[in-house]
Structure formats: structure tokens, C-alpha cells
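# Breakdown of the fold
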Amino acid sequence: MTIGSGMLLLLLLPFCGSAGAHNGDLTVRPTCKPGFSEEEYTALVSQNIMEGQKLLKVKFSGCPGNNGIQYETNNLDFKVRTDGTIYAAHQVQIPLKQTVFMVIAWDHQTLERWETVVRLLVGEKSQHNGHKQKGKKNASTDLAQQPSDTLLPWRQPQNSNGLRRQKRDWVIPPINVPENSRGPFPQQLVRIRSDKDSDIHIRYSITGVGADQPPMEVFSIDPVSGRMYVTRPMDREERASYHLRAHAVDMNGNKVENPIDLYIYVIDMNDNRPEFINQVYNGSVDEGSKPGTYVMTVTANDADDSTTANGMVRYRIVTQTPQSPSQNMFTINSETGDIVTVAAGLDREKVQQYTVIVQATDMEGNLNYGLSNTATAIITVTDVNDNPPEFTASTYSGEVPENRVEVVVANLTVMDRDQPHSPNWNAVYRIISGDPSGHFTIRTDPVTNEGMVTVVKAVDYEMNRAFMLTVMVSNQAPLASGIQMSFQSTAGVTISVTDINEAPYFPTNHKLIRLEEGVPTGTALTTFSAVDPDRFMQQAVRYSKLSDPANWLNINATNGQITTAAVLDRESVYIKNNVYEATFLAADNGIPPASGTGTLQIYLIDINDNAPELLPKEAQICEKPNLNVINITAADADIDPNVGPFVFELPSVPSAVRKNWTITRLNGDYAQLSLRITYLEAGMYDVPIVVTDSGNPPLYNTSIIKVKVCPCDENGDCTTIGAVAAAGLGTGAIMAILICIIILLTMVLLFVVWMKRREKERHTKQLLIDPEDDVRDNILKYDEEGGGEEDQDYDLSQLQQPETMDHVLNKAPGVRRVDERPIGAEPQYPIRPVIPHPGDIGDFINEGLRAADNDPTAPPYDSLLVFDYEGSGSTAGSVSSLNSSSSGDQDYDYLNDWGPRFKKLADMYGGGEED
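Residues numbered from 1 in each chain as written. Predicted model: local features only at pLDDT ≥ 70, side-chain atom pairs only at ≥ 80, totals over all residues. Heavy atoms only, no water.

In this model, the protein carries an average pLDDT of 78, and 76% of its residues clear a pLDDT of 70 or more. Scored below 50 in pLDDT, residues 156–170 shows 18 contacts in the model against residues more than four places distant or in partner chains. Overall, residues 831–836 carries pLDDT values under 50, and its contacts beyond four positions in sequence, including any with other chains, amount to twelve contacts. (pLDDT = per-residue confidence, 0-100. Contact = heavy atoms within 4.5 Å.)

Relative to strand β47 (residues 630–635), strand β45 (residues 613–615) runs antiparallel, the two sharing three bridges. Looking across to β47, one finds that Glu-613 is bridged to Ala-635. Two elements, β47 and strand β50 (residues 670–675), share four bridges in a ladder whose sense is antiparallel. Note on β50: the bridge partner recorded for Thr-633 is Tyr-670. (Pairing = 2+ DSSP bridges. Helix = DSSP H or I, 4+ residues; strand = E, 2+ residues; numbered from the N terminus.)

Consider a sheet: its strands pair through backbone hydrogen bonds, and that pairing is either parallel or antiparallel. One open sheet holds the four strands; their spatial order is β46-β52-β51-β48, and the pairing between them is mixed. Taken across any chain shown, the strands that pair with only one partner, and hence form the sheet edges, are β46 (618–622) and β48 (647–649). Between one strand axis and the next, the sheet turns through 35° on average, direction left out of account. Note: β46 against strand β52 (residues 700–710), five bridges, orientation parallel. Note that in β52 the partner of Cys-622 across the bridge is Cys-710. (Axes fitted to C-alpha atoms, helices over the stretch in contact; angles between N-to-C directions.)

What follows concerns the pairing of strand β43 (residues 579–588). The pairing of strand β40 (residues 541–547) with β43 spans six bridges and is antiparallel. Across the sheet, the residue bridging to Ser-547 is Thr-583, located in β43. In this structure, β43 lies alongside strand β44 (residues 595–605), joined through nine bridges in antiparallel fashion. Across the sheet, the residue bridging to Phe-584 is Gly-598, located in β44. Where β43 hands over to β44, the hairpin turn is made up of six residues, counted between the paired strands.

The next thing to look at is the pattern of salt bridges. According to the stated counting rule, one finds 16 salt bridges in the structure shown. One salt bridge connects Asp-261 with Arg-245, and the closest N-O pair in it is separated by 3.0 Å. Here the residue Asp-261 occupies a position in strand β19 (residues 255–267), and Arg-245 occupies one in strand β18 (residues 241–249), the gap between them amounting to 16 residues. Judged by relative accessible area, which is 36%, Arg-245 ranks as partly exposed. Here Arg-314 and Glu-364 are joined by a salt bridge, their closest N and O atoms 3.8 Å apart. Taken together, the residues Arg-314 in strand β24 (residues 314–321) and Glu-364 in the loop between β27 (353–361) and β28 (372–382) connect sequence positions 50 residues apart. One continuous salt-bridge network, built from bridges that share partners, spans Arg-236, Glu-237 and Asp-268. (Salt bridge = Lys/Arg side-chain N within 4 Å of Asp/Glu carboxyl O. Buried < 20%, exposed > 50% of the residue type's maximum accessible area, 1.4 Å probe, protein only.)

Here we have four strands laid out as an open sheet, ordered β21-β28-β27-β24, and mixed in their pairing. The two strands at the open ends of the sheet, each matched to only one other strand, are β21 (280–286) and β24. Taking the axes of each pair of neighbouring strands and ignoring which way they run, one obtains an average angle of 30° across the sheet.

Pasting the structure below:
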């Protein structure tokens, strides 16, 4: 070992005091005192110790019962046999003058521990090379004076001729460094020297992880002396070992020696507590489980070396809550962490959950030296069906009205101590006896677990006035092994039936009777009576009609006898498949009254009461025979045997019928009508035909068929003219109709031509100027204040282009403007000419201006203009300086020369003094 051994010595010094105290305690006891014979053992050893080499033997004095004593050390380099012999676990080199470690003896039964200190002293300095070097006395002397922590891995002996012979490099033993060292740092580990350093100056260096590779500068070396240091505390959990290479070069950087491998192992210290994977573990176990039943497993991991006691975790249960029925209901496997039951008596109904505090301790569970941690194990006692359900009463009672279903009659309450709303608690009810017809069932309320006795099949008071049921309750889950049903799991239920007023009913519903149609009015058909099921009530039943579509029937209100009110006709629209259906009502006089309905079906047997009808009613035939014929048949509202075969005949009167026509029989239902004569004039003919059915007695009917006789083409089809002629129109009438049609079409054509010509003339008229530049019909309206409605009464005719303006220019002189619009007749202006004026647009505007100046009706009129009042706060300046002068020196006669627009001002100011 290297300096790590020295560190171990410092760490073990406090342990020596404790061991001494422990032995001191043993001396006080008057009884047997087991322990080591010495508090400290010292042995003199060489610096290099081979693997398996025996060093010394410790002696342990035991007492009776201490037969299972085992030994261990806190130094991995040394081990102790069962007889107390201490030996080297592998090749060890002691670089210091001594090494100290501790030996522990412990009883695996009582877990008692005893300790002693072992001190190994180096008796002589160990040379790396046992052969003395000849011719180099000083060198050997220097080697003999090397400190014990100096390695000479490159030492090479010389032969007598002065030539050096290269030998195999030494294998350097690993350097052990304890983790978490407190320093001071840097802390020397070893010194590396080459035997060539006496001849030349050598520079030493190290490479590898921890030196020049991350993590950087964990180790350093003095390049001159070769002393290698550790620069900071080591952490085995971060890195457990380092592989470095030592180099020796001269001052020029030339390699002097081959690199050597240095292996540095970090010695584990117990610096990590066990850590549970989970802080809280959840497990479950069935109630009533036998001892040894597995519950759950807890696991704790220790970051320390698992091959040493530092990382060996042991488990134990610290507390159990509650401590019922025993304080040790569970135990734990100290190595695996498996929790099992150790005692019987788990009962969920008493204790539903246990909280167990589990402690994990390293150092193989040594509570004195080991580090501990705790976790919580919550063990839930799961329910098993060990409690049968029990009725809270032995008998129950209920009442139900008759003829009611889905009615809850009684609620059955039970008690079950198992876990609510689980299969072990959910109740299942069944009726054992008392209900052979299946009138009742028992449903479970999912919330309260009560049994609801429900009517599923209506009960009849007249049949059963009461029921005595025997019911049984069980769980959805079967009972646990060894659990028997309780006698309280059965109960009796008494159900009383109450009588209610039931409606009368018709025993035969629907009732079918058969009779011939046409029976006379008042005929009694049948008695349709109802039965009142209330045998214990004296009630009367009365009858009435509910549905009689044809109003053919009457019913006796007392006894229900059905009679006819009209003749029943099978051919009526109210008959479907020869059956007439009517509905009747039977009501009693109970409280409250009740009623029932019954349907009577009358099957009507057909009689021959309908004569046949000829089909078709109209036909068409050619005026010449042997070209086509008319197929005829008959329809009869009756049914077989009162229908065909039919007999078709022509009547003897009038005689022309048989003279012109003939009937040929095809079969029992069809015949052919054809011409007997060679030619018959076109036209419409009414041909009577007598049709007789096969009823008993037979009925006949004379039907008229309208036959249209017309000229035909070679295919036997009527021609168009022939069809018209056959309709009764002569040639003259046809020609008149055609002429009228031609005249009407001619008038329509002339009207269309006239409209086209007028449209063309309208498009030939054009304006004097381009339509886009024509502004005569465009009035621009601006938002002007004042003026009122009079100011907007414009004569738009002034914008038209007049043909002449002479009648305006030749007006007599006079006043052209007045204050108000003239009341007299306004002058009429010429209408806008159809043909555009050939003059220039400028002349047109000038003429319009002159007309406007001389027109008294031209806008705008002289009227009072009202403007919006701006208010007292107006920022406008005063216009009082614009007041008219009151001086009469001003001459306004010149206003007469300004034209008609200033005529009013001239009259007002120019002639004011004369007035």
C-alpha cells in the first residue's frame, strides 16, 4: 500500500479508543466477558508481503453460546481466517513504516461485535533489486537510503564489461487511495525515480485520465523529483480507478525510459446512505391470509461498493401502525426486502390498512457503523367475502293494487360488513317460494343495496288476495372458503292485493258474424255483451256505440243486442274485403267508472243487387264494314257468382239498331260490335245494348254506347276531315273557320310591321349636338339656403330649343318682374320641335337668355330668403356699416337702364320720393 495506508492509520485511531472502552466495559461485568485477548496486536513484517502470507494470529475468548464467531477487517488488503489468522489477500507493498487496520469479531446469532487494532511495522527496508550492483558503491548506497515510498521501476543492472543489459520492466502494484480524504492537498502518493537520474537530468510526467485528460489535473507529478500527488479528494462513486502512464525524458525531450503503467484504485468509504427507490410503497394482502403470505418488496440502493460491507444493505421493520391484533404482523427479509405476513388475524373489518416503517442499513445492517434510511410501506388489507349478508328483519310486508306492474311493493334491507360497493358486498336477491306464477321479482338498489320487491306481472284480486314469499339474499362473489351462510340470510315477505274497479271486457273481441247484405232495417244481428271482472262488486254495465262509420247499427244499452238501423250494402265504400267493422263501448257504474271496448265485424254475403254496366261508353268505327270492330265488355259491382258470363243483345226497338249493327259473342265477358250494312254515313250514333249477368235471378241493363262513324284510310284509321265530319260540321263551316284563321294571322303580321316601322322612325331622330354634350335636359341642383318651395318651381320648357323666339321678343314693353308670381294666365311656349334646329348652340343660349330675362315666371322669384341664425356667439363681424344712407342725394334712375332684373329696385328707390 501507499499513503492510503497512512490515511487508514489516522482514521483508525478513534476506533482504537472505542474498542478500549468496549473492553473496559467488559471488565466490569462479573460474568463471562467475551472479547479479544489484546486490545492491540503488533507484528513486524517486511515491506513487500506476498499474497496469502500469514502475518499474525489474533485470539478471541468466547463464552458458552458464542460458537458462531466470524472475523472481518476494514482493510481490503488483509483477511482473517476463522481461527484468527491474518493473511494478505493479495501482494501488498507497505510504503510507510507501519500500517494499522482493525479486526472485527461478531456473533451472527446475537449480532454482538468486538474490535481490536492490528499494527504492522516494517522491520527492514525492502530493496527493489536484491542483487548488489558491482562497481557502483555510491549507487547502492543511495539506493539503500531511498525512502520507503520511492519506486525504481526502471532500475537496470550493468554487466562486468560496462555494457547494460535491458531487462523486463517491473509490474508496479496498484496504488490505493482512500476516497474523501481531508488533505492537506496536494497529497503525495508515490515517488518515481529512474536509476539514470544520477547521470543525466530527467524530467518526469504522467498522462491519462485524471492527468491530462478529463477530469483534468486530479493527479500531478513533480517533473524533477518524480513525486506524484493527488490534488483533491477522491470520490469512488464518481470514478473507482485511474490508469496513468509515467514518462521519463531528458532535457531535450528524448525518451530515457519506456513508459510504465500506474493503476490507482480509490478505496471505498462508507459515505453514502442507502436510498429507497420509492419513499412510499403500496402493497396489499387479503384478509385472513396465512403466515408467510407474500405482501410486497421494498428496495434500497447504496452507491458504495457492493462487494464490501459499505454497500451491503440489510432491511428491518422499525414500527408497525396499528399494532393490532399483534405488534408484529409482518416481517421482512433482511437481504431481499420481501415483506411477508408473520402472524394470523388480518381482518379488514377491524383494520383496513397498516403503515410499516422499513429501515435499510449498510455495513450489512450494523447499526453502530452503518448508515441508515427509512421508507414507508402502506399495506392495504383487501376484502374477501367472509361476511354473508343478513336481513335486518325476519319478515317484511307490502301492498299492491291489482292490475299494476312495475310497482315497488316492499324494500328489503340487509347488512353486510364487507367492503361496500364491491362484489363481496353487492346483494343478490331471489324468491325461493310463494310465487309460482312469477308475479314478482327483487331488484337490488345499487346505492343502498336494498332489495326492491317489484311487480312484473299484474296480479288479480279475484284470483289472489295475498302472497306469502320466502326470499334469500347472497353476494355477487361466492363466500370465502370455510364461511357458511347465516340463517338470517332468508326472510318472509307478505304482500296484500287491493281490489280496484276493473273495466268490463268483451270475451270475444273481435267478434265476427256472417249475413247477407240487404237485410231490412231493425233486424237483430247478435248480442255483443261484456263481462265485469269485479265479482265482488255489484255493478251494472251499459253499452254505447263508439264507432259506426256508415251508421248502420244500433245497440241496446242494457243487454248489448245489435240491430240494423239501415240496409247493409256490400258494395258500400265502408266495406273492406266484404267486412264491415264497428266498435262498441261497455262502461260500468263503479267509482271511478271504468269502460272497455269491443269490435264487431260483419261479413256481408253478396246478393245479385247490381245490374252490369257496358264498357266502353264511347267508340269509333269506319263507315265501311270489315275494316274494324268495337270490342265491348261489362262491369258488375257484385261478385261471383252474380257477375259473368254476360249476355250482350241489341234491342228490337228501334228497328234501325238491328238493321245497322250486329253483335258477335267472343266469350263470357267480351263481345264485338260491328256494322251490319255495307256503308253508314259518317256521324255520331247512340247504339243501345242490353247486358244481362248470371245472377239468380239475373239482372240486365240497357246501356248506350256512343259510336263515331268516320271515313278511314287504308290502315283503317279515321282521317282528319273525316273525324271533323263525323263530329257534325259541314264543308261550309270548315271553310269559314279556315278563312277566319287566315284573316287573324294577317292582322297580326300587319301590326308587327307597323311597330317595326315606328321604331325605325324614332331612331332616325337625332339631337343637334352630341348626346354626351347635350345639357339642355340636365338640371344641376345645389344645396341652397332659402327660397322655399316657390324658388324650386321651375319651368323646364325654357331649356328646350324653341323653333322661334319672335313671340317672346315682340312682347309689349312693361314691367317684367313682380314681387309675386303673376296670377293671370301664363304665356304658352312652343313645344320642342321634332326636327333639330339647324342653328348654332350659341344662338340657342342667347335666345334662351333673352326669353328668361323677359319672362315674369322665370326663376328665381324675388322672395324673402331665410338663413340659419348663427346665434349670439357668432365670430362674424358687424355689418352695421353697410346700412343704407338716409340721404336723398343718391340718384337711382340709372337702375332703369340695367334691364328688367333691376326694374324692381328702380321702382323702389328711384320713385320713392314721388310716392
